[in-house]
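Report on the structure
Listed below are the residues making up each chain.
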Amino acid sequence: MGRINVLDKQVAELIAAGEVVERPASAAKELVENCIDAGASSVAVEIRNGGVTFLRVEDNGCGIAREDVPRAFLRHATSKVAGREDLNGISTLGFRGEALASIAAVARVEMLTRTENELAGTRYGVEGGEEKFCEDAGCAAGTTVTVRDLFYNTPARMKFLKKDVTEGNAVAAVLDKEALAHPEVAFRFLRDGRETLRTPGDGRLKSAVYAVFGRQFTAGLIPVEYELNGVKVSGFVSRPAAARPNRSMQNFFINGRYVKSRTAMVALEQAFRGCLMTGKVPACVLHLAVPLAAVDVNVHPAKIEVRFLNERPVFDAVYHGVKTALNRDDAPRVMKLADSAAPAFPRGHSSAPAPFRMPAHEVPVRLYDAGTAPAPQAGEKGAMPVLSFSRPGTLVPPDIERDEPDAPEAEAPARPSAPRDAAPAQGAQASPAPAAGTEPEEKFVGEAFGTYIIVQRGDSLVFYDKHAVHERLLYEKLKKQGGASFSQMLLEPVTVTLSKEEYSAVLESRDACAQAGFELEDFGGGAVLVRSAPMALAGDDVAGAVEEIAGYLAENRSDLTTRKLDWLYHNIACRAAVKAGDPASPQELMDLVRRAERQDVRYCPHGRPVSFVLMRGELERRFGRSR
Ligand SMILES: Nc1ncnc2c1ncn2[C@@H]1O[C@H](COP(=O)(O)OP(=O)(O)OP(=O)(O)O)[C@@H](O)[C@H]1O
Ligand SMILES: [Mg+2]
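Now for a look at the structure at hand. Because the structure is a prediction, the values reported are computed rather than measured.

**Observations regarding the overall build of the chain**
The helix and strand tally for the chain stands at 17 helices and 23 strands. Residues counted as buried form 41% of the 627 residues belonging to the chain. Partitioning the contacts of the chain with sequence separation of at least 6, the portion at a separation of at least 24 is 69%.

Take a look at the structure:
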């Protein structure tokens, strides 16, 4: 006798259902997506016990006509696809015609529905795939589906469910994503009688983001609006200072569908390269509108993966869209005196600058009036050769500091702003506008607390953190030219003793160290010999730098070389940059400012802002002078 059985319908249904309905959250997702496909402007979801015993989804969409109701619960029954050609351009969230059938196979389901044209609605009951009743019912136009006792007939599946709280959280996460995917729909979510989400449905993504993630997250966002090669990107990315330790806050939506997209993720993170502290990633809520024919959503029953006909346009649009948004972002630089938290930076960060406060009576500001400030004489206290920022025992290579206008990054999109002046920096006292009417008048005002450079530019005062600016400029140079080109043979090699872990990690990564400018040799017994080092470091700094590098390498052994190099460049730039309190002349400071402006430097390599703007109008308002 043959051993192959044709499974009976019920068993086959249960197996198929397992692919679509894994847990209450997957049932909720399918039901909510049906509401959106039905054109609902309002969707309410209620769960009890994590959605296991009770899940209800109610909409004000188009409803289902009486004759279609039983059919909607059949497998492969759908109103969204009619023929093969429809699969080439799916514009609805559903298309497989199996969600209702799957849910009904593993639960007790009741549907209440009415179309606008029907006088009476329909109440339809189905349990474990078996129809129980189909009768008239009075109800509003729209559809309500109630799912009770999920997996009551599949104990194996039931066993895999987690605690109610966990299942409930998963449903809540689904609601968050759907609300972000459809700001035009008003969502309401009730969990064991308590409302935990309500979105206005006003069509504005920012309203939905605010409702889902709250005020603080929303305040740290930069808008993105971009179109390239038929791909539209819109939404928000986090400011570099509000970056996160993991990707859980990266939300991508393609044609109104929440998806996991590696292409979009990589593009996002590459656009942020150089703006973030190591180990931090950006957060985002980004909508991509891609031509329907260019994306295949029919990859997996849960419909969370998509395939692009061509990844490149998607990558490019996200990358340039985000980069443009980051470049255009002036918000963290413009501060209101009333808003002492600006520029936004998480509190508690060890190197975060103290929030700006309105100066009290006496502020240690060194004032230099353009035109009247005496040119510092050589040898005078505080006067130093331009561009040296020398510290005792530190050798600064002329190359790394050379003030040459950098060619614009080939990959960067054109900036919409006025063209920048690329003429070499002039002296600090030079106040006239350097370019033909494109740049506002600029004047060095002073340096406060040995740390902040103050420049008057047109109608604004701009404050710069001199360490942060310098660090960023050095970092860019190192990245561009490679640390090896700034390396210098040490007159006397330095021996550095390390822990065994660090020692082997350093020897493993000797190439990356060489690229960063450190030539290291195995000295045996846990010690390394440093033969050459980046010129910006000298004396004691070399041993200290190698010890720190070794610690990092031991902890991050699995990191890719590029990541390690990035960290090394950060580290070198930070060590070599002028420190708060280091003396510098007005010329040096203005030169730094001009280079920062020319290279459009906005953030230090750790993601902290390097400058902010205080508008004259804001000062006038403070002094009651505003007209
Ligand atoms: N809330 C609703 N409002 C109006 N019609 C609905 C609703 N839910 C389901 N339907 C109808 O029932 C049909 C079957 O729904 P079901 O979710 O099973 O399949 P689908 O949405 O077409 O595809 P998928 O399996 O990919 O979700 C839908 O095509 C739609 O016509
Ligand atoms: Mg569906």
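Moving on from the coordinates now.
**Focus on the sheet that holds strand 5 (residues 130-137)**
Hydrogen bonds along the backbone pair up the strands of a sheet, which may run parallel or antiparallel. Across the sheet, which stays open at both edges, the 8 strands sit in the order 5-4-3-6-2-1-7-8 with mixed pairing between neighbours. The sheet is open, and its two edges are formed by strand 5 and strand 8 (194-198), each paired on a single side. On average, each strand axis in the sheet is tilted by 10° relative to the strand beside it, whichever way the strands run. Pairing of strand 1 (residues 42-48) with strand 7 (residues 186-191), which is carried by 6 bridges, proceeds in the parallel orientation. Note that in strand 7 the partner of I47 across the bridge is R191. Of the strands in this sheet, strand 1, strand 2 (54-59) and strand 6 (142-148) are in contact with helix 2 (residues 24-37), which crosses strand 2 at around 10°.

**Describing the nonpolar core**
Counting residues in hydrophobic clusters, the biggest one holds 156 residues, and the most contacted among them are A28, I103, L288 and V318. Sort the elements by how many residues they give to this core and helix 15 (residues 561-576) lands first, with 8 residues. Once residues lying within four places of it in the same chain are set aside, the contact partners of I103 are V21, A27, E30, V109 and V147.

**Some words on the site of ligand 1**
Near ligand 1 lie 23 residues; those nearest to it are N34, A38, T78, G94 and A99. Counting only elements with at least two residues in the shell around ligand 1, the list comes to helix 2 and helix 4 (99-105). Classifying every residue of the shell around ligand 1 by side-chain character gives 10 nonpolar, 8 polar and 5 charged.

**Points about the sheet that holds strand 9 (residues 221-228)**
Read across the sheet, 5 strands follow the order 9-10-13-11-12 without closing on themselves; strand pairing throughout is mixed. Strands with a single pairing partner mark the edges of an open sheet, and in this sheet they are strand 9 and strand 12 (257-259). When strand polarity is set aside, the average angle formed by the axes of neighbouring strands in this sheet is 20°. Two elements, strand 10 (residues 231-238) and strand 13 (residues 284-289), share 6 bridges in a ladder whose sense is antiparallel. Across the sheet, residue V233 finds its bridge partner in strand 13, namely L288. Across the sheet, helix 9 (residues 311-328) touches strand 9, strand 10 and strand 13, and the angle it forms with strand 9 is around 135°.

Criteria and thresholds
Residues numbered from 1 in each chain as written. Chains lettered and ligands numbered in written order. Predicted model: local features only at pLDDT ≥ 70, side-chain atom pairs only at ≥ 80, totals over all residues. Helix = DSSP H or I, 4+ residues; strand = E, 2+ residues; numbered from the N terminus. Buried ≥ 20, exposed ≤ 12 C-beta atoms within 10 Å, placed from the backbone. Contact = placed C-beta atoms within 7 Å. Pairing = 2+ DSSP bridges. Axes fitted to C-alpha atoms, helices over the stretch in contact; angles between N-to-C directions. Core = buried A, V, L, I, M, F, W, Y, C linked by C-beta atoms within 7 Å. Near = placed C-beta within 6 Å. Nonpolar A, V, L, I, M, F, W, Y, C, P; charged D, E, K, R; others polar.

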